[in-house]
Amino acid sequence: MNTNQINEPFYPTQMMRNVHAMHPLVHNITNYVTVNDCANILLAAGASPIMADDIGEVEEIQSICGALVINIGTLNERTIDAMLAAGRTATTLEHPIILDPVGAGASKLRTETAKTLLEALEISVIRGNISELKALYAGDNHTKGVDANDIDAITEDNLTESIALAKRMARHFNAIVAITGAIDIVADSESSFVIRNGHASMSRITGTGCMLTSLVGAYACANPYKRLHATATAVALMGICGELAHASCERDKLGSSSMRTRLIDAISMMTPEMLEQHLKCEVR
Amino acid sequence: MNTNQINEPFYPTQMMRNVHAMHPLVHNITNYVTVNDCANILLAAGASPIMADDIGEVEEIQSICGALVINIGTLNERTIDAMLAAGRTATTLEHPIILDPVGAGASKLRTETAKTLLEALEISVIRGNISELKALYAGDNHTKGVDANDIDAITEDNLTESIALAKRMARHFNAIVAITGAIDIVADSESSFVIRNGHASMSRITGTGCMLTSLVGAYACANPYKRLHATATAVALMGICGELAHASCERDKLGSSSMRTRLIDAISMMTPEMLEQHLKCEVR
Amino acid sequence: MNTNQINEPFYPTQMMRNVHAMHPLVHNITNYVTVNDCANILLAAGASPIMADDIGEVEEIQSICGALVINIGTLNERTIDAMLAAGRTATTLEHPIILDPVGAGASKLRTETAKTLLEALEISVIRGNISELKALYAGDNHTKGVDANDIDAITEDNLTESIALAKRMARHFNAIVAITGAIDIVADSESSFVIRNGHASMSRITGTGCMLTSLVGAYACANPYKRLHATATAVALMGICGELAHASCERDKLGSSSMRTRLIDAISMMTPEMLEQHLKCEVR
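As the structure is a prediction and not an experimental result, all values here were calculated from the model. (Residues numbered from 1 in each chain as written. Chains lettered and ligands numbered in written order. Predicted model: local features only at pLDDT ≥ 70, side-chain atom pairs only at ≥ 80, totals over all residues. Heavy atoms only, no water.)

**Structural notes on the overall build of chain A**
The cut-off we apply is this: Strands here are runs of E lasting at least two residues and helices are runs of H or I lasting at least four, both read from the DSSP assignment and numbered beginning at the N terminus. Note on method: radius of gyration uses C-alpha positions; expected globular size equals 2.2 Å times residues raised to 0.38. Any residue under 20% of the maximum accessible area for its type is buried, any over 50% is exposed, and the rest in between are partly exposed; the area is computed with a 1.4 Å probe on protein chains only. Throughout, a residue-residue contact means that at least one pair of heavy atoms, one from each residue, lies within 4.5 Å. All accessible areas in this document rest on Shrake-Rupley with a 1.4 Å probe, and a residue is counted as covered only by the protein chains that are shown.
A tally of helices and strands in chain A yields 11 helices and 9 strands. Its C-alpha radius of gyration of 17 Å places chain A within 12% of the 19 Å reference for a compact globule of 284 residues. Taking the principal axes of the C-alpha coordinates as reference, chain A spans close to 45 × 40 × 40 Å. A burial count over chain A gives 67% of its 284 residues as buried. Pairs at least 24 residues apart make up 74% of the contacts formed inside chain A by residues separated by at least 6 positions. Of the roughly 9,600 Å² of accessible surface on chain A, 50% is carried by carbon and sulfur atoms.

**What about the packing of aromatic side chains?**
Residues and elements named next belong to chain C. Note the cut-off: In this analysis, rings of Phe, Tyr and Trp, with Trp reduced to its six-membered ring, are considered paired at centre separations within 6.5 Å, and the interplanar angle assigns stacked below 30 degrees, edge-to-face beyond 60, and tilted for intermediate values.
By the definition in use, this model includes 6 aromatic pairs over all chains. For the pair F10 and F193, a centre-to-centre distance of 4.7 Å together with 45 degrees between the ring planes defines the contact as tilted. In this pair, F10 sits in the segment before α1 (12–22) while F193 sits in strand β8 (residues 192–195), placing the two residues 183 residues apart along the sequence. Aromatic pair Y137 and F173: ring centres 6.2 Å apart, planes at 65 degrees, arrangement edge-to-face. Of this pair, Y137 sits in helix α6 (residues 130–137) while F173 sits in helix α7 (residues 159–173), placing them 36 residues apart in sequence. Overall, F173 belongs to the buried group, its relative accessible area being 11%.

**A look at the relation of the copies chain A and chain B**
Put simply, the rule reads: Each copy is superposed on the other by least squares, with the fit set by C-alpha atoms of residues at a pLDDT of at least 70 in both.
Between chain A and chain B, the superposition needs a rotation of 120 degrees and an axial shift of 0.0 Å, giving an RMSD of 0.0 Å. The operation mapping one copy onto its partner corresponds to a three-fold rotation axis. Considering only C-alpha atoms, the residue of chain A closest to the rotation axis is Y32 of chain A, which sits at 3.6 Å. Mapped onto chain B, only 12% of the interface residues of chain A again fall at the interface, so the copies present different surfaces.

**With respect to the interface of chain C and chain A**
Test applied: Buried area is a sum: the accessible area each of two parts loses on coming together, probed at 1.4 Å, counted once for each and added. Any carboxyl oxygen of Asp or Glu that lies within 4 Å of a side-chain nitrogen of Lys or Arg is treated as forming a salt bridge with it. Under this definition, polar contacts are N or O atom pairs within 3.5 Å; protein pairs additionally need one hydrogen-donor-capable and one acceptor-capable atom, and for neighbouring residues in sequence, both atoms have to be side-chain atoms.
Taken together, the contact pairs 32 residues of chain C with 29 residues of chain A. The junction of chain C with chain A conceals about 2,400 Å² of combined surface from both sides, 49% of it contributed by carbon and sulfur atoms. Considering only the surface of chain C that becomes buried against chain A, N36, L43 and E57 of chain C emerge as the three largest contributors, covering 20% of it. Summed over the shared surface of chain C and chain A, the result is 1 salt bridge. A salt bridge links E57 of chain C to R110 of chain A; its shortest N-O distance comes to 2.7 Å. Where chain C packs against chain A, one counts 17 residue pairs in polar contact (both at pLDDT 80 or more). Residue assignment for the side of chain C that touches chain A shows that the elements contributing at least two residues are α2 (35–44), β2 (48–51), α3 (58–64) and α10 (256–269) of chain C.

**Side note on the sheet that holds strand β6 (residues 176–179) of chain B**
All names here are of chain B. Under the convention used in this document: For two strands to be treated as a pair, DSSP must find no fewer than two bridges joining them. Orientation is described by lines fitted to C-alpha atoms, with helices fitted over the stretch in contact, and by angles between N-to-C directions that extend from 0 to 180 degrees.
If you walk across this open sheet you meet the 9 strands as β2-β1-β3-β4-β5-β6-β7-β8-β9, and the pairing is mixed. On the outer flanks of this sheet lie β2 (48–51) and β9 (281–283), each paired with one strand and no other. On average, adjacent strands in this sheet sit at an angle of 20 degrees to one another, irrespective of strand direction. Note: strand β5 (residues 125–128) against β6, 4 bridges, orientation parallel. Looking at β6, one finds that V125 is bridged to I176.

**What to know about the sheet that holds strand β1 (residues 25–29) of chain C**
Two pairing modes exist for strands in a sheet, parallel and antiparallel, and in both the strands are linked by backbone hydrogen bonds. Residues and elements named next belong to chain C. Spatially, 9 strands are ordered β2-β1-β3-β4-β5-β6-β7-β8-β9 in an open sheet, and the strand pairing comes out mixed. The sheet terminates laterally at β2 and β9 (281–283), the two strands that pair on one side only. Direction aside, neighbouring strands of the sheet carry axes that sit 20 degrees apart on average. Strand direction decides the pairing type here: strand β7 (residues 184–187) and β8, joined by 4 bridges, are antiparallel. The residue bridging V186 from the neighbouring strand is F193, located in β8. Set on the sheet, α2 makes contact with β1 and β2; between it and β2 the angle comes to about 155 degrees. Strands β1, β3 (67–71) and β4 (97–100) of the sheet are contacted by helix α4 (residues 77–92), whose axis makes an angle of about 155 degrees with β3.

**Quick look at the interface of chain A and chain B**
Interface size is commonly expressed as the accessible area that is lost once the parts come together. This is how the line gets drawn: Three classes are used: nonpolar for Ala, Val, Leu, Ile, Met, Phe, Trp, Tyr, Cys and Pro, charged for Asp, Glu, Lys and Arg, and polar for all others, with Gly counted as polar.
Listed by partner, the interface residues are 32 residues for chain A and 30 residues for chain B. When chain A packs against chain B, close to 2,400 Å² is buried across both sides, 49% of that on carbon and sulfur atoms. The largest contributions to the chain A side of the interface with chain B come from N36, L43 and E57 of chain A, which together make up 20% of the buried area. At the surface where chain A touches chain B, the tally comes to 1 salt bridge. Run the count over chain A and chain B and you get 17 residue pairs in polar contact (both at pLDDT 80 or more). Breaking the side of chain A that touches chain B down by element, the ones donating at least two residues are α2 (35–44), β2 (48–51), α3 (58–64) and α10 (256–269) of chain A. Partitioned by chemical class, the residues of the side of chain A that touches chain B number 15 nonpolar, 8 polar and 9 charged.

**What to know about the confidence of the model for chain A**
Applicable threshold: Values of pLDDT, the confidence the predictor places in each residue, fall between 0 and 100.
Per-residue confidence for chain A gives a mean pLDDT of 95; residues scoring 70 or more make up 95%. What the predictor reports for the complex is a pTM of 0.96 with an ipTM of 0.95.

**Looking at α4 of chain C**
Residues and elements named next belong to chain C. Basically, it comes down to this: A helix is expected to span 1.5 Å multiplied by its residue count minus one.
The end-to-end C-alpha distance of α4 is 23 Å, a good match for the 22 Å that 16 residues give at a rise of 1.5 Å each. For α4, the complete set of buried residues consists of T79, I80, A82, M83, L84, A85, A86, G87, T89 and A90. Check the buried side of α4 and you find it contacts β1, α3, β3, β4 and α5 (108–120). A side-chain oxygen of the first residue of α4 lies 3.0 Å from the backbone nitrogen of R78; this N-cap is N76. Within two residues after α4, E94 carries a phi angle of roughly 55 degrees, on the positive side.

**Observations regarding the side chain of S268 of chain B**
Among the structural elements, S268 of chain B can be located in helix α10 (residues 256–269). Apart from residues no more than four positions distant in its own chain, S268 of chain B is found in contact with A44 of chain B together with R204, G255 and S256 of chain C.

**Thoughts on the relation of the copies chain C and chain A**
Mapping chain C onto chain A calls for a rotation angle of 120 degrees and an axial translation of 0.0 Å; the resulting RMSD is 0.0 Å. In this assembly the copies use different faces: only 12% of the residues contributing to the interface of chain C also contribute to that of chain A.

Below you can see the structure in the form of structure tokens.
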């Protein structure tokens, strides 16, 4: 997917204002581990969540929403059918579909389900860690549970190759790819953003990836002609709020569960001005 | 439903003391988004939660509990059957059943399921937002996802008509209705309480409605001959704790996720004296 | 089960260091009420969680993990099959299996499922409250929902008999038993640890038992030849963090939801030195 946005000016603050103005309603078919955090972060960001996964209602629910987030974190046969049904409605209605292939590579069911979704639906954005993305792209399999394997990590040393890989993945999947880790890459087939926001302590809590995927749903919905920019903005927003939350926990001598609370707090208190001030985003 | 309570004195502090003394065990068949908050708020309020939704055990579980809370937030075919089975046991045992028709009007499945439950079971209290209640009552359909639509909002300007509508709904459903929003109305067919506690920031977190519905289960169980009063007390309690939580977050410069934490904190620290002091409840 | 560990020196600090060094990957088939807390506490403790419950993937997921935690808190037909399938794989691979028989005694489904799991699988550790354990052992049935019944409580007065009972249970189930309450007992058929850490306020939040069971999974995995010691360490760790969390909430005048946050915070900030300093553990 070449979204032809690389030569356009990047206005992340406008992206955020559009979310605040639109209050996009985002349909999430997601896992039961982090679903509450996904709902709360959408509300914190100025969007509205709805969670529905019964085949008897997902098409109708999708039709009143503006985006679909599919997260396979605790997939099962019943919900896979619902993902496909909601996804077909979203495809017809041209709603952005965001896929989080949690644990792709860790089981055939996850890998195959993610591939089936990618084939059957018009996925706008795939948000995952590098191991998950590689498992889907090359059949490489270094997935270690639901976390990225260290041997796959994107570093300053392999950044140029990683960007090239991300662009090839975007072309292959015909979707924007958002690969998150210590360094984040958001790419379509032609262009990419490298984002250096975030803090290592975000990996001490569950759901930062899932929450980000839901945020991408809100940002892609409210910025329909700028999905690459919208995705990069959501990724940077999450990273910045991780930095602020970490600083806040350090100051108050708090641990990992407070990090989760302060992260969502930061999202709810973020302004376009703060976003601009903290943004570490490079076009490549 | 005319509960004939309007001319009786209203003792909310006694209602609270009864919950603290009885520790009512409340069976919740609820959604997987806010279920943890529902369990924790019941414990915070001095009650005990049990969550069970398999058809193979819900009747037996209901028989050891004192109330049933049915919340259709993430309903599916399997759990709808369990709601009906548990509800029939609760009806036989004269346990209060509290229904939260989350998202009624947003899909046929939700609207029809809520109606089926209302027909099949003896529901004591329906707790929802005005859009959900209207969708069930009149077939009006302004439901916007799981949040109330602004055009339905109860305001000081339309309060008299809204109260009359609430009483008609109570008669129609043969149940107490608790309509919550900026202004809350708790009504049976003859009488109503208007409650002006609460804070707008409660709408920035998911689950305040679900948590309140679970609280109503505890209060209705511990105050069996005063269900209208018990419901009004639970509604006011939630609103007051929202006010206290908001003030606490403002003071400590915290955001929306801390609001959730501080709200349940406030429930756990609330005393009958504080309830009396903060109560803004009017009989209409 | 006689693990022959009683005469060996007990090095809880080493147990903790082993978890920190190994980052054990723990597969949890658990309830949707407290699943997020279980995931977060594993991360806080230096382990990694994976939650999967579809029959189509649980064997494969188990094979990449090091331990299996089975929690029947919101069991249903679909997940019971997955528990058995994952458990068979874990048994074959000699992964420790930790069983949390939530609400055993409260319904036939729970009691029978727990018994079926105990017969079909090689369970290493059963972690429950005294009422749940008694319901499985003797068919006694004082289970009051998911909390222990007061008439079963382990006190200083009945401690000697309670320890003898725990050892008989361990022999009967051929598993380590960890019975938690105001006083905790961890026993195999020959020996036991009595742990007096913890604080009463832990019972005001849901999931402390479930979280502990997941922690036992991590500790048993990282300390394979010392499962009795590993279980005792995890139980003490949870109790100590409860004490620290309570003190922290008292200091900051916070309530029960903050207690949950501060408990996981304490786990994430715990060091071997602090563990040693606060440990109240007696060999019996």
